[in-house]
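Summary of structural features
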Amino acid sequence: MDTEFIPNVKFSSISEIYPEINQLEQITRYKSLISSFEKLYNRKPKFIARSPGRVNLIGEHIDYAGFGVLPMAISRDLIIAVDITNEENDMKVRIANILNEKYPSKSWEYEGKEKIVEIKVEEGVSEWENYFKSGYKGILQHLSLDKPKGMYCLVDGSIPPGAGLSSSAAYICSVIIATCFANDVKVTKTKITETAIIAERFTGMNAGGMDQTVSIFSLKDHASYIKFLPSLTATPIKLPSVNPSIVFVVANSLITSDKVVTAPTNYNLRVVETKLAAYHLGKSLFNNPCENLKQVCDLYSNSEEVSIENLIKLSNYVDNIYKENQEGFTLDELSSLLNLKHDEINNKFIGKFPIRANKFQLYKRSKHVFEEASRVLKFYELCLNEDKRENIVKELGNLMNESHKSCKELFNCSCDELDELVKICLDGGAFGSRLTGAGWGGCTVSLIYESDIDKFIRYVTEKYYNIKFPNLSKDELENVIFATSPGCGAAIITDL
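Computed from a prediction, not measured in an experiment: that's the story for all the values here. (Residues numbered from 1 in each chain as written. Predicted model: local features only at pLDDT ≥ 70, side-chain atom pairs only at ≥ 80, totals over all residues. Heavy atoms only, no water.)

**What to know about the pattern of salt bridges**
Using the following cut-off: What counts as a salt bridge is simple: a side-chain nitrogen of Lys or Arg found within 4 Å of a carboxyl oxygen of Asp or Glu. The numbering of helices and of strands both runs from the N terminus, where a helix is a DSSP run of H or I of at least 4 residues and a strand a run of E of at least 2. Exposure categories follow from relative accessible area, calculated using a 1.4 Å probe and restricted to protein chains: below 20% of the type maximum is buried, above 50% is exposed, and the middle band is partly exposed.
A full pass over the atoms with the stated rule returns 25 salt bridges. Between Lys106 and Glu129 there is a salt bridge; the shortest N-O distance is 4.0 Å. Linking Lys106 in strand E5 (residues 106-108) with Glu129 in helix H3 (residues 128-143), this pair joins segments that are 23 residues apart in sequence. Judged by its relative accessible area of 9%, Glu129 falls in the buried class.

Okay, structure coming up:
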């Protein structure tokens, strides 16, 4: 699994990366990026780094609780054209974006091994260069280079930001592999992934790990069953081969959720709530406060292997222990429950990631995590044993539907538009439909037969986009609803 990624594993051309149906479109895109690079910098790029977005098929908000997830890479990605400087003392990084009006050009100097680069993070503000700086700083902290190469970079992304398709992780992963390749160093896939997880935290996000792992490790035509504990593993898995064949359709609600801006009340708060639940459940069950809910499960099972049976038992235990308070704890109530002072709670669970909450939802978050983890295992086992299941497509769809219900009612990470879009997708013939990604906006993913793609997209367009967003052009519609199959992971393209 953990082969040396840079510089040994690279691709000479885009035909090795993208599905045949997308290759002409990508050739045009790459040519346009190279032409724009030459006009901007008056020099040619030496290589292009790319990392894909992902769609999570099932397993939402459980990666940072330590449980496995089941995503797949998509063909939508972020690419960076790069040239390096040959001057010994030129360590300057220059970045620009194809969408220059929205994302202005930036540059900075390397500030030495200790500091590397300054990253200014303000609550409620999301600066595009901070993602580049985060990947750059993260990998250079690991490499500890005296004189990293200066770089000229031009960025182009086809992953809509804020859509729950992991645009930020793809961006940071692309920067990391670009920096490695520019400096001719060898780094394993696991180290790149671990670095990307840590690096995203420089932006103010308490990242879990799923997004970075699938962006780096994915194999073409395979989804990935990703486990984080006891160690990071990514197992390629073929989706069921049925007739007619299945495909997933991604539909963007066009409600944008900037994870950094909303983190204090959404993403970061959910991370804190799951950690608080782990601490309390570990203490109440075993007199052993736990760091995450996977550790609770390990102690309960007396094993690091996770079983569906034990996850369901833990879900039932959560019902019992929180039966007197399923609507959340105030900070004072939490202090009494955990026998910790306010400042101890802040230091132990919150730290540098800002949050805002009137009540902390330990019951809802822990119940979602245990039951969602069981759904991931069920989904995985169905894929492994497809020949033994007559109604496998319907069963997979039902798991997706249960997942969305839990995200909506227990994790409170959906929104009205996502709920409406899910209902329309189900009415339009999907076997299963759910939000994908962090939620609070972004995309849904729906399971359908490949033969029904055109009919399904027409139905969703008529019932959702034509009503809510009637001015979308045909090209814009193709970017907000599209069918996808499992794509290739991160790569370096050298045949330009």
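So much for the structure itself; the text now carries on.
**A few points about the UniProt feature "domain: GHMP kinase C-terminal" (unreviewed entry) in the protein**
This is how the line gets drawn: UniProt positions are given in the numbering used here, feature names are shortened, and annotations may be inferred rather than shown by experiment.
With numbering matched to this structure, UniProt assigns "domain: GHMP kinase C-terminal" (unreviewed entry) to residues 393-466. A helix fraction of 58% and a strand fraction of 16% characterise residues 393-466, whose end C-alpha atoms lie 29 Å from each other.

**Details of the environment of Ser433**
For clarity, the cut-off: Whether two residues are in contact is decided by their heavy atoms, any of which lying within 4.5 Å being enough.
When you line up the elements, Ser433 lands in strand E11 (residues 432-436). The class of Ser433 is buried, set by a relative accessible area of 0%. Taking the C-alpha atoms as reference points, Ser433 and Ser446, separated by 13 residues in sequence, lie 4.2 Å from one another. Those residues in contact with Ser433, other than ones at most four positions away along the chain, are Met400, Asn401, His404, Val422, Cys425, Leu426, Thr444, Val445 and Ser446.

**Quick notes on the side chain of His222**
Spelled out, the test is: Any pair of nitrogen or oxygen atoms within 3.5 Å is treated as a polar contact; in protein, a donor-acceptor pairing is required on top of that, and neighbouring residues in sequence qualify only through side-chain atoms on both sides.
For His222, the position within the fold is in the loop between helix H6 (210-217) and strand E8 (223-227). From its side chain, His222 meets the backbone oxygen of Lys220 in a polar contact 3.0 Å long.

**Details of a negative patch on the surface**
Selection criterion: For patch building, the residue pool is restricted to those with more than 30% relative accessible area and no salt bridge; the joining distance is 9 Å between like charges and 5 Å between nonpolar side chains (Val, Leu, Ile, Met, Phe, Trp, Tyr). Note that accessible areas follow from Shrake-Rupley with a 1.4 Å probe, and for residues the cover is restricted to the protein chains shown. Neither His nor the chain ends contribute to the count of charged residues, in which Lys and Arg are positive and Asp and Glu negative. Every charge is mapped to an atom, namely NZ of Lys, CZ of Arg, CG of Asp or CD of Glu.
A cluster of acidic residues, Glu25, Asp475, Glu476 and Glu478, forms a negative patch on the protein surface. The leading source of residues in the negative patch is helix H17 (residues 474-480), at three residues. Note on placement: Glu25 falls in helix H1 (residues 23-41).

**What about helix H11 (residues 331-338)?**
The following threshold applies: By definition, the arc is the one covered by directions from the helix axis to the C-beta atoms.
Among the residues of H11, Leu334, Ser335 and Leu338 are the ones counted as buried. Considered in projection along H11, the buried side chains sweep an arc of 105 degrees and stay on one side of the axis. Away from the buried face of H11 by more than 90 degrees, exposed residues Asp332 and Ser336 are located. Where H11 is buried, its residues contact helix H8 (267-286), helix H12 (342-350) and helix H13 (362-384). Among the residues trailing H11, Asn339 stands out with phi positive, at a value near 60 degrees.

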